[in-house]
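Observations on chain architecture
Now for the letters of each chain:
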Amino acid sequence: MGGELQKASDQSSKVTRKETFFRRNRMIIAFLLIITTIPFILYLTHKWDSNRIISGIDIKGNNFIPVAELQSMIPDSLFKREKSRIKLKLIESAIYKHPFVRNVSLSYGLHDKIEAELGTRTPIAGLIDNKGRLTFADSEAVILPYKFFDRFPDLFIIRNAFIGDSLDQSVLISSVDILLILRNQDYRILPQVLNEIIYRRESNSFDLSVLSDNLIVKLGDKSNIPTKLRNLDIFLEQYFYGKINQKLVYIDARWTKQVIVKEK
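This structure is a prediction, so every number in the text was calculated from the model and none was measured.

Topic: the overall build of the protein
A count of helices and strands for the protein gives 6 helices and 14 strands. The buried share of the protein, taken over its 264 residues, is 35%. Only carbon and sulfur atoms are counted for the fraction: they give 54% of the accessible area of the protein, which is about 16500 Å².

Examining the pattern of salt bridges
What the rule picks out here adds up to 16 salt bridges. The shortest N-O distance in the salt bridge between D168 and R201 comes to 3.0 Å. Taken together, the residues D168 in the loop between β9 (166–167) and α4 (169–184) and R201 in the loop between β10 (194–200) and β11 (205–210) connect sequence positions 33 residues apart. The class of D168 is buried, set by a relative accessible area of 16%.

Some remarks on the nonpolar core
Core analysis: the biggest nonpolar cluster contains 37 residues, and L190, L194, L208, L229, L232, L236 and I251 have the highest contact counts within it. Of all hydrophobic cores here, the second largest spans 23 residues; its members include L70, I95, V104 and F136.

Observations concerning helix α6 (residues 225–240)
The end-to-end C-alpha separation of α6 is 22 Å, in line with the 22 Å expected for 16 residues at 1.5 Å each. Along α6, the residues that are buried comprise I225, K228, L229, N231, L232, D233, F235, L236 and Y239. Where α6 is buried, its residues meet α4, α5 (190–193), β11, β12 (215–220), β13 (248–252) and β14 (260–263).

Quick look at a nonpolar patch on the surface
Together, L134, Y146 and F149 give the surface a local cluster of nonpolar side chains, amounting to about 270 Å² of exposed area. Structurally, the position occupied by Y146 is in the loop between β6 (143–144) and β7 (156–159). Assessed through its relative accessible area of 37%, Y146 is described here as partly exposed.

Overview of the confidence of the model for the protein
With 78% of its residues at a pLDDT of at least 70, the protein reaches an overall mean of 82. A low-confidence stretch, residues 43–50 stays under pLDDT 50, and its non-local contacts, those more than four residues away or across chains, total 4 contacts.

Quick word on the environment of I178
With respect to the element layout, I178 can be found in helix α4. Using a relative accessible area of 2% as the deciding quantity, one classes I178 as buried. For I178 and K222, which are 44 residues apart along the polypeptide, the C-alpha to C-alpha distance reads 8.2 Å. Contacts of I178, omitting those with residues within four sequence positions, involve I197, F206, L219 and I225.

Describing the packing of aromatic side chains
Under the definition given, this model contains 10 aromatic pairs. Consider the rings of F64 and F152, whose centres lie 5.1 Å apart with planes at 85°: the pair is edge-to-face. Of this pair, F64 sits in the loop between β1 (56–60) and α2 (67–71) while F152 sits in the loop between β6 and β7, placing them 88 residues apart in sequence. On the basis of relative accessibility, which here comes to 9%, the residue F64 falls in the buried class. Where Y146 meets F149, the ring centres are 5.0 Å apart and the plane angle is 10°; that geometry is what we call stacked. Judged by its relative accessible area of 46%, F149 is partly exposed.

What to know about the sheet that holds β1
Strand order in the open sheet made by the 3 strands is β1-β3-β2, with mixed pairing throughout. Each edge of the sheet is formed by a strand with only one pairing partner; in this case those strands are β1 and β2 (101–108). Each strand of the sheet is rotated relative to its neighbour by a mean of 25°, with strand direction disregarded. Judged from the 5 bridges that link them, β1 and strand β3 (residues 113–120) form a sheet pairing that is parallel. Its bridge partner lying in β3, I59 is registered against A116. Running at roughly 150° to β2, helix α3 (residues 88–96) makes contact with β1, β2 and β3 of the sheet.

Considerations on unusual backbone geometry
Its identity is not glycine, yet D154 carries a phi of approximately 60°, on the positive side. If you trace the backbone, D154 turns up in the loop between β6 and β7. Of note in this structure, N224 is not a glycine but carries a positive phi near 55°. Here N224 is to be found in the loop between β12 and α6.

Cut-offs used in this document
Residues numbered from 1 in each chain as written. Predicted model: local features only at pLDDT ≥ 70, side-chain atom pairs only at ≥ 80, totals over all residues. Heavy atoms only, no water. Helix = DSSP H or I, 4+ residues; strand = E, 2+ residues; numbered from the N terminus. Buried < 20%, exposed > 50% of the residue type's maximum accessible area, 1.4 Å probe, protein only. Areas by Shrake-Rupley, 256 points an atom, 1.4 Å probe, with all protein chains shown as cover. Salt bridge = Lys/Arg side-chain N within 4 Å of Asp/Glu carboxyl O. Core = buried A, V, L, I, M, F, W, Y, C linked by side-chain atoms within 4.5 Å. Expected span 1.5 Å × (residues − 1). Contact = heavy atoms within 4.5 Å. Patch = residues over 30% accessible without salt bridge, like charges linked within 9 Å, V, L, I, M, F, W, Y side chains within 5 Å. pLDDT = per-residue confidence, 0-100. Phe/Tyr/Trp six-rings, centres within 6.5 Å; stacked < 30°, edge-to-face > 60°. Pairing = 2+ DSSP bridges. Axes fitted to C-alpha atoms, helices over the stretch in contact; angles between N-to-C directions.

Right under this line is the structure:
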């Protein structure tokens, strides 16, 4: 009888020790269960995510290129498949082939779609080649096809940037530099009344055309352009507000401290 009581007492003591152990170490046990379970959950999540079928592409950051035109450049075979089999670089290269796309960044978005964030090239000038054909140029002097022209009315025209059928890149860059100064400086009247930048190859100089009077402004070479344009802006403000009434043949703005005019 005594032996049985001792045995029962020992078993009770073992149960008590187990309960005490679990109570004292329950946080550690719970932590161990979590860290052993998380990798399995992550594996299942990754496997599910990799097997998702990507069904479309959302294009953002595009103000004027038709979305359908961009999407038509991407074969369905590049994205209508499991996510794990998609090569984002191939899709990026396909979109980047559009001449008006400056850069593109891709990521996976919601609703089983790819998100494409675009940077576009915006025309700031039109060019006329020696056969009268029009193209565009952007602020980085990159040539663009003559498309979407209804979205870009009243652009400056750059003339004589071609030698035969070949573009003289240095002339284009210099012309765009002049145009950027016109756009970015605080001139009161110049952007309103000028409409052309004309390169004179025989003298390696630039002229500007005044819209309303078909008046030519001699700007000269690339030196001191901001100063020349500032002088011209002050003069034209007076001229167009009627303080100077004479009709002019041309304006000579090649000098840093004066503007010379020739009257009719």
